[in-house]
Amino acid sequence: MLHCDMIIGGEKISATDSFDVVNPASGEAFASCQLGTANDVDAAVVAARAAFPEWSSMADEKRVEMISALIPALEARMPEFMQLVTQESGKPMGGLNGVGSGMEVGGAMAWIGATAALKPTVEVAHEDDNVKIEVRRRPLGVVGSITPWNWPLMITIWHVIPALRAGNTVVLKPSEYTPVAVTRFAELVNEILPPGVLNLVLGAGEVGSAIASHTGIDKVVFTGSSRTGRRVMESASANLKRLTLELGGNDAGIVLPDIDIEAMAPKLFAACFHNNGQTCAALKRLYVHESIYDEVAEAIAEQAREVVVGDGLDEDTQLGPIQNLAQLEIVKSLAQDAKDQGGNFLTGGNQIDRPGYFFEPTVVTGLSNGSRLVDEEPFGPIVPIIKYSDIDEVLERANDSESGLGGSIWSSDPEKAAELVARMECGTVWVNDHAGLNPNAPFGGIKQSGFGVEFGDWGLEEFSALQTVWLSKA
Ligand code: NDP
């Protein structure tokens, strides 16, 4: 069994209790972690506040140098990190379209580099003979980061690196389902950065809410469900914390009648099924024009029948298991409801009879808005394909959702697609693609998918406050 300690003020910390981390490909525990409590959050906040003055006043170049040193350190241990991510999240090492733990660890390094390369500037808001007014940015203080299980290492990097880069110190709580690679990352950070700059509290049941309500924490960045996001927001009111909430999505894709079906089917399939559908901005509802509906649905189902599902540690595996039992139960219940509603299963629909949390890649036609599989985020390998005839009406149906994370238009006519983009109610719209992210382009949702953005200057700014400085010339 692997072992994970908490890290507070640069010291490894044990607890009286522990919890196990299960490999979803086997259903068996492979790591044991210390079970932190609200008291550990208190200690982590004390350590983070103590480290803040030195870290925040350090020359920016020095901070960048230390943060950049994490890249070769991660690279030197890339195979180990990949294996840990696969063991705990279930995602394959390589994966469908290269979406696997290699991408996750490689992406983590790329995002550290891109964030380190950002150059915060001082802007001049006004200048005349009497005064120069500068707008500067100052760090917020202590940032609490609560990260999910679908991209455990990558999303930790998305939270922690810009927070640190902007001069904040951090209290980090990874998902109890996937804390192992994040713990190893926190150990590595603590070898390079001063003690107390990044503190790690492991746990389940009380640590996240202790972070969200702690008055010694100035900002919380949370990625997870809209339901928990709402609770984070309630707790954050205690000291008017700033928030970045990257919550669930139920992204719609709209396929126009003019697409090249053969060329687009593999892209559509990957957009829906990469990481087994467990990506906040995966394509989760696919609306296809009636003239090509059957052909597109069959082309996607064919890919689903052929994709190799298995243990992510096996080289040939393209899709792994669902990450945890609770999520498998959600997917099973949505599949059952789709059956009850008369959905037509072109392929899949059942749990796979083997150890672990495997579910068949599933394609369902014949449903529309109003059925659970269309209205709710499945976060698993099951996709409804919905028929439409009129573009105005399908846009209405695509936008008829509480979520507003991403969306896509699929067409051979770029001008037509560009015209429709503006009518999609979501934070990111892709044309002939879905779910691609770039470290220099902002990513975030609207509606119940949350608020605030990550990445680029826009994302970095979320971890600082504006300070307006009047420099009188008189
Ligand atoms: P949640 O989104 O509910 O988040 C669980 C995490 O939040 C844990 O770390 C938990 O820590 C913490 N938490 C729980 N209550 C609070 C609170 N009141 N304040 C602050 N933190 C809290 O995760 P689930 O695993 O339950 O996922 C459920 C759904 O979320 C999935 O079905 C999927 O739809 C969506 N999801 C979305 C993701 C995305 O990328 N946007 C990623 C993963 C899931 P503790 O118990 O210690 O308090």
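Keep in mind that what you see is a predicted model, and the values were worked out from it rather than measured.

1. Some words on the overall build of the protein
Point 1. From N to C terminus, the protein includes 16 helices and 23 strands.
Point 2. Its C-alpha radius of gyration of 23 Å places the protein within 12% of the 23 Å reference for a compact globule of 474 residues.
Point 3. Projected onto the principal axes, the alpha-carbon positions of the protein cover approximately 70 × 65 × 40 Å.
Point 4. Taking all 474 residues of the protein together, 58% fall into the buried category.
Point 5. The long-range fraction of contacts in the protein, counting pairs at least 24 apart against all pairs at least 6 apart in sequence, stands at 72%.
Point 6. When the accessible surface of the protein is summed, it comes to about 18,500 Å², and 49% of that surface belongs to carbon and sulfur atoms.
Point 7. Across the protein, 34 positive and 64 negative side-chain charges occur, with their mean positions spaced 6 Å apart.

2. Quick word on the side chain of Lys-219
Point 1. Turning to its location among the elements, Lys-219 is positioned in strand β11 (residues 219-223).
Point 2. For Lys-219, the side chain forms a polar contact with the side chain of Thr-244, separated by 2.5 Å.
Point 3. At 3.0 Å, the side chain of Lys-219 and the backbone oxygen of Glu-462 are in polar contact.

3. A word on the sheet that holds strand β4 (residues 18-23)
Strand pairing within a sheet occurs via backbone hydrogen bonds; the two strands may be parallel or antiparallel.
Point 1. If you trace the three strands from one edge of the open sheet to the other, you get β1-β5-β4, paired in mixed fashion. Each having just a single partner strand, β1 (2-4) and β4 make up the two edges of the open sheet. Averaged over all pairs of adjacent strands, the angle between strand axes in this sheet comes to 30°, irrespective of strand direction.
Point 2. Where β1 meets strand β5 (residues 28-34), three bridges bridge the pair, whose relative direction is parallel. Across the sheet, residue His-3 finds its bridge partner in β5, namely Ser-32.

4. Here's the deal with the site of the ligand
Point 1. Of all residues adjacent to the ligand, which total 30 residues, the nearest are Trp-149, Gly-205, Ser-225, Thr-228 and Gln-327.
Point 2. Here Ser-225 contributes a backbone N or O atom positioned 2.6 Å from an oxygen atom of the ligand.
Point 3. The separation between an oxygen atom of the ligand and a polar side-chain atom of Gln-327 is 2.7 Å.
Point 4. Alone, the ligand offers 910 Å² of accessible surface; in the complex the protein occludes 87% of this.
Point 5. Those elements giving two or more residues to the shell around the ligand turn out to be α8 (207-213), β11, α9 (226-236) and α12 (325-340).
Point 6. Counting contributing residues, the shell around the ligand receives three or more from each of domain 1 (2-247 + 449-472) and domain 2 (251-431).

5. Some thoughts on the environment of Asp-392
Point 1. Note that Asp-392 resides in helix α14 (residues 391-399).
Point 2. What makes Asp-392 partly exposed here is its relative accessible area of 41%.
Point 3. As for Asp-392 and Leu-420, which are separated by 28 residues in sequence, their C-alpha atoms are 9.6 Å apart.

6. Considerations on the sheet that holds strand β20 (residues 428-431)
Point 1. Strand order in the open sheet formed by seven strands is β15-β16-β17-β14-β13-β19-β20, and the pairing between neighbours is mixed. Edge positions in the open sheet fall to β15 (344-347) and β20, since each of these has one partner strand only. Looking at each pair of strands side by side, their axes are set apart by 25° on average, direction ignored.
Point 2. Pairing of strand β13 (residues 251-255) with strand β19 (residues 406-410) involves four bridges; the strand directions are parallel. Each bridged residue has a counterpart across the sheet, and for Val-255 the counterpart in β19 is Trp-410.
Point 3. Here α12 sits on the sheet and contacts β15, β16 (362-365) and β17 (382-388); the angle it forms with β15, its principal contact strand, is near 125°.

7. Digging into the domain arrangement of the protein
Point 1. Domain parsing of the protein yields domain 1 (2-247 + 449-472) and domain 2 (251-431).
Point 2. Contact with domain 1, which involves 26 residues of that partner, is made by 31 residues of domain 2.
Point 3. In total, domain 1 and domain 2 occlude about 2,200 Å² of area from one another, counting both sides; carbon and sulfur atoms represent 60% of this.
Point 4. Among the residues of domain 1 in contact with domain 2, Leu-96, Trp-149 and Ser-449 are the three that bury the most area, contributing 29% of the side total.
Point 5. Scanning the region where domain 1 abuts domain 2 turns up zero salt bridges.
Point 6. Looking at side-chain class alone, the side of domain 1 that touches domain 2 contains eleven nonpolar, twelve polar and three charged residues.

8. Thoughts on unusual backbone geometry
Point 1. Of note, Asn-97 is a non-glycine position whose phi angle comes to about 55°, a positive value.
Point 2. Its location among the elements puts Asn-97 in the loop between α4 (78-89) and α5 (101-116).
Point 3. Classification of Asn-97 by relative accessible area gives exposed; the value is 58%.
Point 4. One non-glycine residue, Phe-455, adopts positive backbone phi at about 85°.
Point 5. Relative to the helices and strands, Phe-455 is located in the loop between β22 (450-451) and α16 (456-461).

Reading guide: rules and limits
- Residues numbered from 1 in each chain as written.
- Predicted model: local features only at pLDDT ≥ 70, side-chain atom pairs only at ≥ 80, totals over all residues.
- Heavy atoms only, no water.
- Helix = DSSP H or I, 4+ residues; strand = E, 2+ residues; numbered from the N terminus.
- Rg over C-alpha atoms; globule rule 2.2 N^0.38 Å.
- Buried < 20%, exposed > 50% of the residue type's maximum accessible area, 1.4 Å probe, protein only.
- Contact = heavy atoms within 4.5 Å.
- Areas by Shrake-Rupley, 256 points an atom, 1.4 Å probe, with all protein chains shown as cover.
- Lys, Arg positive; Asp, Glu negative; His and termini not counted.
- Charge placed at Lys NZ, Arg CZ, Asp CG, Glu CD.
- Polar contact = N/O pair within 3.5 Å; in protein donor to acceptor, adjacent residues only side chain to side chain.
- Pairing = 2+ DSSP bridges.
- Axes fitted to C-alpha atoms, helices over the stretch in contact; angles between N-to-C directions.
- Near = heavy atom within 4 Å.
- Domains from an automatic or database assignment.
- Buried area = accessible area lost by both parts, 1.4 Å probe.
- Salt bridge = Lys/Arg side-chain N within 4 Å of Asp/Glu carboxyl O.
- Nonpolar A, V, L, I, M, F, W, Y, C, P; charged D, E, K, R; others polar.

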